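# Observations on chain architecture
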Amino acid sequence: MSHSCHQSPQPSVRTAVTTPSEAAPFSGSAATVPRRTVELTDTQALSLLGRASLGRIVFTQRALPAIRPVNHLLDRGQIVILTHQDSDLFAQARDHGDRGVVVAYQADDIDPLTHLGWSVVATGYCRPVADPDALTRYRRLLRPWSGPVMNCAVRIRPHLVTGIRLSV
């Protein structure tokens, strides 16, 4: 019995060739100074996160990781984002009740030319905002970019906060 073997065409792979000028897109003394990674304290990391206008929520969707860019605010050490009632994130937070669902939240501010800046990740439990007054306040303070009406909010209570500053 003979078997024919069907092979799929190999995907093309592009290899990037980096010239010295592309490897260091900026010039001057900063191009020759090695960069350092400085660990941030929890307080420093949350302070930077509170000043950021954009972040990424990381949660589980159908047993796989999902990441969504969102705007947020920091309220008494908790990260608040608006969402809509039909979102997977809100459904999971609601279904887990007082326990909450584990999520991660990441924000950064890294200069694309110098590669200097900071990055913060907060991991914790996400719960729906049930207080109507708090929800009204969050809806007034946060303006989602587009999409369905964001009539719900979730709070993330960070349990693990890590951050780094990239400096020279």
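The present account deals with the structure reproduced in this document. Everything quoted here is computed from the prediction, not taken from an experiment.

Rules and cut-offs
Residues numbered from 1 in each chain as written. Predicted model: local features only at pLDDT ≥ 70, side-chain atom pairs only at ≥ 80, totals over all residues. Heavy atoms only, no water. Helix = DSSP H or I, 4+ residues; strand = E, 2+ residues; numbered from the N terminus. Buried < 20%, exposed > 50% of the residue type's maximum accessible area, 1.4 Å probe, protein only. Areas by Shrake-Rupley, 256 points an atom, 1.4 Å probe, with all protein chains shown as cover. Core = buried A, V, L, I, M, F, W, Y, C linked by side-chain atoms within 4.5 Å. Pairing = 2+ DSSP bridges.

### Overview of the overall build of the chain
Each helix and strand counted, the chain has five helices and eight strands in total. Taken from N to C terminus, the helices and strands of the chain fall in the order α-α-β-α-β-β-β-β-α-β-β-α-β. Counting over 168 residues, the chain shows a buried share of 34%. Counting every atom, the chain has about 11200 Å² of accessible surface; 54% of that belongs to carbon and sulfur.

### So, the nonpolar core
Of all hydrophobic cores here, the largest spans 27 residues; its most connected members are I57, L89, V103, Y105 and C126. For this core, the elements supplying multiple residues, two or more each, are helix 3 (42-51), strand 2 (55-61), strand 3 (64-70), strand 5 (78-83), helix 4 (88-95), strand 6 (101-110), strand 7 (117-128) and strand 8 (152-167). Counting residues in hydrophobic clusters, the runner-up holds ten residues, among them L73, A134, L142 and A153.

### Focus on the pairing of strand 6
Here is the key point about a regular strand: its side chains alternate between the two faces of the sheet. Pairing analysis gives three bridges linking strand 2 to strand 6, with the strands arranged antiparallel. The residue of strand 6 that forms the bridge with V58 is A104. Relative to strand 7, strand 6 is paired through ten bridges, and the arrangement is antiparallel. Looking at the pairing, I110 lines up with G117 of strand 7. What sits between strand 6 and strand 7 in their antiparallel hairpin is a turn of six residues, with H115 showing a positive phi close to 60°.

Remember that the coordinates give geometry; whether it matters functionally is a separate question.
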